[in-house]
Amino acid sequence: MNGGKTSRLLGRKMKIILAEDDNDMRRFLVKALENAGYDVASYDNGLSAYDRLREEPFELLLTDIVMPEMDGIELARRATELDPEIKVMFITGFAAVALNPDSQAPRDAKVLSKPFHLRDLVNEVDKLMAA
């Protein structure tokens, strides 16, 4: 058991907020990220995740794009309005949507296309958090 990925500033686990409406996918992602040492709060829709983001800061928003109630792009746009420092990664089977310049997705957001290996996800999150 490792001590977890720690924030350079506060010496605590880095916090990720996850919005993914597919229950199985969400469970797999949470398990992989927690095993990699991250503190993960997960939600099955963008609106619930946004409500949580309004309560406390997170280092990373990891979100599906296509979700009911509030899609991932709208969630990312609102999250970066609340906290311009938050990093954003989209997980999607629709990469072209996130990359569309008209989508208003945050410019420096990363996109990880489904299907992906959990190790690839953790590697990408590690790189983003270290940046």
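Residues numbered from 1 in each chain as written. Predicted model: local features only at pLDDT ≥ 70, side-chain atom pairs only at ≥ 80, totals over all residues. Heavy atoms only, no water.

Undergrad: Before we go on, may I ask you to explain helix α1 (residues 23-35) in this structure?
TA: Three- or four-residue spacings in an α-helix give side chains the same orientation, since the helix completes a turn every 3.6 residues. If you check α1, its first and last C-alpha atoms are 18 Å apart, about what 13 residues at 1.5 Å a residue would give, namely 18 Å. Turning to α1, its buried residues number three or more, namely Arg26, Leu29, Val30, Ala32 and Leu33. In a view along the axis of α1, the buried residues occupy a sector of 170°, so they form one face of it. Those residues of α1 that are exposed and aimed more than 90 degrees away from the buried face are Arg27, Phe28, Lys31 and Asn35. Close packing links the buried residues of α1 with β1 (15-19), β2 (39-43), β3 (60-64), β4 (87-92) and α5 (118-130). Where α1 begins, the side chain of Asp22 points an oxygen toward the backbone nitrogen of Asp24, at a separation of 3.0 Å. (Helix = DSSP H or I, 4+ residues; strand = E, 2+ residues; numbered from the N terminus. Expected span 1.5 Å × (residues − 1). Buried < 20%, exposed > 50% of the residue type's maximum accessible area, 1.4 Å probe, protein only. Arc of directions from axis to C-beta. Contact = heavy atoms within 4.5 Å. Polar contact = N/O pair within 3.5 Å; in protein donor to acceptor, adjacent residues only side chain to side chain.)

Undergrad: Explain a negative patch on the surface here, please?
TA: Together, Asp21, Asp22, Asp44 and Glu69 give the surface a local cluster of negative charge. Mapped onto the fold, Glu69 is located in the loop between β3 and α3 (72-82). (Patch = residues over 30% accessible without salt bridge, like charges linked within 9 Å, V, L, I, M, F, W, Y side chains within 5 Å. Areas by Shrake-Rupley, 256 points an atom, 1.4 Å probe, with all protein chains shown as cover. Salt bridge = Lys/Arg side-chain N within 4 Å of Asp/Glu carboxyl O. Lys, Arg positive; Asp, Glu negative; His and termini not counted. Charge placed at Lys NZ, Arg CZ, Asp CG, Glu CD.)

Undergrad: Is there a simple way to explain the packing of α1 against α5 in this structure?
TA: Geometry of a packed helix pair, given as the angle between the helix axes and the separation of the axes. It is the contact of α1 with α5, at a shortest axis distance of 10 Å, that shows an interaxial angle of 55°. One finds that α1 runs oblique with respect to α5. Crossing of α1 against α5: the hand is right-handed. In contact with Phe28, Leu29, Ala32 and Leu33 of α1, α5 contributes Leu118, Leu121, Val122 and Val125. Its residues assigned to classes, the contact of α1 with α5 shows eight nonpolar, no polar and no charged. (Axes fitted to C-alpha atoms, helices over the stretch in contact; angles between N-to-C directions. Parallel < 35°, antiparallel > 145°, perpendicular 65-115°, else oblique. Left-handed = near helix turned anticlockwise from the far one by under 90°. Nonpolar A, V, L, I, M, F, W, Y, C, P; charged D, E, K, R; others polar.)

Undergrad: How do you make sense of the packing of aromatic side chains when you look at a structure like this?
TA: Think of a pair of aromatic rings as described by two things: how far the centres are apart, and how the planes are tilted against each other in angle. Counted under the stated rule, the structure contains zero aromatic pairs. Sitting above the plane of the Phe58 ring, Lys15 keeps its charged end 4.9 Å from the centroid. Above the ring of Tyr50, the side-chain terminus of Arg78 is found at 5.2 Å from the ring centroid. (Phe/Tyr/Trp six-rings, centres within 6.5 Å; stacked < 30°, edge-to-face > 60°. Lys NZ or Arg CZ within 6 Å of the ring centre and 35° of its normal.)

Undergrad: How do you make sense of the sheet that holds strand β5 (residues 110-113) when you look at a structure like this?
TA: Two strands in a sheet stick together by hydrogen bonds in their backbones, pointing the same way (parallel) or opposite ways (antiparallel). Pairing in this open sheet of five strands is parallel, and the strands run β2-β1-β3-β4-β5 from one edge to the other. The sheet is open, and its two edges are formed by β2 and β5, each paired on a single side. Strand-to-strand twist across the sheet, computed as the mean angle between neighbouring axes with direction ignored, equals 20°. Pairing of β1 with β2, which is carried by five bridges, proceeds in the parallel orientation. (Pairing = 2+ DSSP bridges.)

Undergrad: Even after reading the chapter, I still don't get α5, so can you show me in this structure?
TA: End to end, α5 covers 18 Å across 13 residues, agreeing with the expected 18 Å (1.5 Å per residue, within 8%). Buried residues of α5: Leu121, Val122, Glu124, Val125, Leu128 and Met129, and no others. On an axial view of α5, the arc spanned by its buried residues comes to 165°, and they lie on one face. Away from the buried face of α5 by more than 90 degrees, exposed residues Arg119, Lys127 and Ala130 are located. Those residues of α5 that are buried lie in contact with β1, α1, β3, β4 and β5.

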